[in-house]
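# Chain and residue survey
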Amino acid sequence: MKSLKTFLIVSCGMNHGAGFAPSVSISRRVLTKTYYLSTAKGPKAGAEKEKQNDAGKHCIPLQDIGLDDLPKVGGKTASLGEMIQQLTPLGVSVPGGFGVSSTAYDAVLDRFQLRERLALLMQNVDVNDLDDLADRGRQARLMIMNAGLPEEVSQQIEEAYDFLSQGCESRSCSVAVRSSATAEDLPTASFAGQQASFLNVVGKYSVCNAVLECLASVFTDRAIAYRVHNGFDHMAVKGAVSIQLMVRSDLASSGVAFTLDPDTGFRNAIVITGSYGLGESVVGGKVDPDEIQVFKPMIGKAEDPIIKRVIGRKQTQIIYTRGGSDKRTKTILTPDADASRPSFTDEDAKTIAEWADKIEKHYSKCHGHPTPMDIEWAKDGITGELFIVQARPETVRSAQKANLLQRTQVTEHDPRTVVQGNAIGSDAASGKARVIKDVSEISKMKPGEILVADMTDPDWVPGLRIASGVVTNRGGRTCHAAIVSRELGVPCIVGTKDATEKLL
């Protein structure tokens with residue numbers, strides 16, 4: 001292990017009545033478009049009555065959900081429903097689906113005195129003791145998995161999924177099953193990547209199992225630590241789940257869009273990153289993505305509002321598996337010819353930027369103040385359509401004072417450059433380099449060391465919390481390591497290519 005003396009970063013259509021509108025193989029837009037065709041002329045009181053009738057259900061169609069339902073369905077699901085209701089009429093495409101509310105989580109915890117047992121297990125947890133944290137988290141998740149879903153919950157999920165699958169050629173549609181805890185994707189706390197998500201889930205029994213795993217992931221190590229550091233009561237945060245039709249981005253591309261520059265906080269830029277395949281490649285920092293920046297004031301006014309284009313290495317891509325494999329997705333190498341060209345077009349970027357601008361304006365109006373957004377997008381390789389699959393308030397740069405400038409001065413350092421990559425923020429740190437090849441070794445981290453890894457995902461958060469800096473081989477400005485480092489105020493460099501070898 002070498003001593004890294006200094007670490008310098010320089011900034012840089014059908015009417016189905018009440019219930020679940022089924023998916024179709026032709027276009028995922030039908031879910032939202034037909035809903036509005038069938039309800040646009042109906043009395044508002046009737047819609048309110050339907051929502052009241054749905055209040056006791058564990059599963060609720062996304063189009064019946066809005067931001068006011070956040071305490072019941074969690075931030076992620078509430079945001080999806082809000083966009084379907086309010087932004088689909090403005091041209092923003094969002095895949096349909098349904099939400100599993102926190103009542104399902106309560107029903108699980110009401111079994112076998114699970115609530116009391118979990119509360120006892122979480123008492124006085126020391127999140128700085130990574131071994132103890134991992135042991136308690138493992139026990140909590142196992143307790144929930146062993147308890148299982150009550151029959152009434154699994155039955156409602158199966159019925160909702162069967163309804164959603166009507167119109168699919170196989171009668172079993174592919175869905176994304178994502179955690180949506182009641183304290184997730186808040187304007188002041190993102191909980192980004194703290195709980196589980198599953199892609200390309202097919203079949204009602206697989207969906208039920210994925211839902212249970214999402215509920216259990218309320219007690220992942222990183223979620224427990226996040227709640228402790230941010231003052232959330234473990235038992236007050238409830239699990240909820242969103243089930244959303246998959247976009248076949250495994251045959252095209254996907255990525256992330258910020259409605260401000262995530263490093264400088266510049267409000268007039270929309271930063272879009274993307275790569276081939278499913279979005280986990282970009283979010284998880286598995287690739288160096290393409291990046292396009294759009295000048296926000298010129299959207300809809302200038303023919304080309306793009307002010308910057310960068311082609312990333314796009315080393316790998318995540319696609320669906322075929323045949324009888326137990327795994328739903330797999331990672332393959334990106335052919336050199338594809339890696340050297342853009343994964344999404346300028347026209348795609350303009351559309352994404354236009355939608356992102358509309359989303360930001362809507363959420364700013366809802367919250368009563370400017371609300372920059374962190375958005376995930378996907379392009380369907382079969383239909384060529386673009387979709388917004390997630391949107392959450394950006395919680396780091398938007399919370400900082402606009403008139404505050406911070407400078408860090410390095411007085412002594414070795415001037416030789418060992419590795420270089422993309423700077424996240426503008427700061428400096430020093431410490432010993434701790435190369436971690438696998439997350440299972442994260443307990444070896446000591447406070448004040450600089451974490452050096454190929455890339456990080458949410459499982460690495462406990463280590464990131466005690467690191468003085470982070471260096472990764474792969475990843476772009478919108479990947480997990482970058483987002484969490486900004487939130488924690490930890491200096492970070494991503495996309496160095498070979499830090500784990502040169503700093504070993």
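Not measured: the values here are computed from a predicted model.

### Some points on the pairing of strand E18 (residues 469-472)
Side chains Gly469 and Val471 project from E18 onto one buried face, and the interleaved Val470 and Thr472 project onto a second face that is buried too. With four bridges connecting them, strand E17 (residues 450-453) and E18 associate as parallel partners. Within E18, the position partnered with isoleucine 450 by the bridge is glycine 469. Read as a crossover between parallel neighbours, the route from E17 over helix H13 (residues 461-466) to E18 is right-handed. Pairing of E18 with strand E19 (residues 492-494), which is carried by two bridges, proceeds in the parallel orientation. Across the sheet, the residue bridging to valine 471 is isoleucine 493, located in E19. Note that the unit made of E18, helix H14 (residues 480-488) and E19 has a crossover that is right-handed.

### Considerations on unusual backbone geometry
Of note, asparagine 200 is a non-glycine position whose phi angle comes to about 55°, a positive value. Inspection of the secondary structure assignment puts asparagine 200 in strand E5 (residues 197-202). Take asparagine 200: its relative accessible area is 10%, and that puts it in the buried class. Positive phi outside glycine occurs at lysine 497, with the angle close to 80°. In this structure, lysine 497 sits in the loop between E19 and helix H15 (499-502). Residue classification places lysine 497 among the exposed residues on the basis of a relative accessible area of 56%.

### Some remarks on the sheet that holds strand E13 (residues 373-379)
Spatially, E10-E9-E8-E7-E13-E14 is the arrangement adopted by the six strands of the open sheet, whose pairing is antiparallel. Looking along the sheet, the strands with just one partner apiece sit at the ends: strand E10 (306-310) and strand E14 (386-393). Each neighbouring strand pair of the sheet contributes to a mean axis angle of 15°, computed without reference to strand direction. Where strand E8 (residues 269-276) and strand E9 (residues 290-295) come together, six bridges link them in antiparallel fashion. Bridging from a neighbouring strand, alanine 269 pairs with phenylalanine 295 of E9. Here helix H12 (residues 346-367) sits on the sheet in contact with strand E7 (253-258), E8, E9, E10, E13 and E14, set at roughly 35° to E14.

### What about the packing of aromatic side chains?
Counted according to the given criterion, the structure contains one aromatic pair. A ring pair is formed by phenylalanine 344 and tryptophan 377, whose centres lie 5.2 Å apart and whose planes are at 65°; its orientation type is edge-to-face. In this pair, phenylalanine 344 is assigned in the loop between helix H11 (336-339) and H12 and tryptophan 377 in strand E13, connecting sequence segments 33 residues apart. Of the two residues, phenylalanine 344 and tryptophan 377, both sit in the buried class. We note arginine 227 situated over the ring of phenylalanine 219; from NZ or CZ to the ring centre the distance is 5.2 Å.

### As for helix H8 (residues 204-216)
Helix length check: H8, at 13 residues, gives a terminal C-alpha distance of 18 Å against a target of 18 Å (1.5 Å per residue), a fit within 8%. Taken as a whole, H8 has its buried residues at Val207, Cys208, Ala210, Val211, Leu212, Cys214, Leu215 and Ala216.

Definitions and cut-offs
- Residues numbered from 1 in each chain as written.
- Predicted model: local features only at pLDDT ≥ 70, side-chain atom pairs only at ≥ 80, totals over all residues.
- Heavy atoms only, no water.
- Buried < 20%, exposed > 50% of the residue type's maximum accessible area, 1.4 Å probe, protein only.
- Helix = DSSP H or I, 4+ residues; strand = E, 2+ residues; numbered from the N terminus.
- Pairing = 2+ DSSP bridges.
- Right-handed = clockwise from strand over helix to strand, strands pointing away.
- Axes fitted to C-alpha atoms, helices over the stretch in contact; angles between N-to-C directions.
- Contact = heavy atoms within 4.5 Å.
- Phe/Tyr/Trp six-rings, centres within 6.5 Å; stacked < 30°, edge-to-face > 60°.
- Lys NZ or Arg CZ within 6 Å of the ring centre and 35° of its normal.
- Expected span 1.5 Å × (residues − 1).

The values reported here are purely geometric and, on their own, carry no functional implication.
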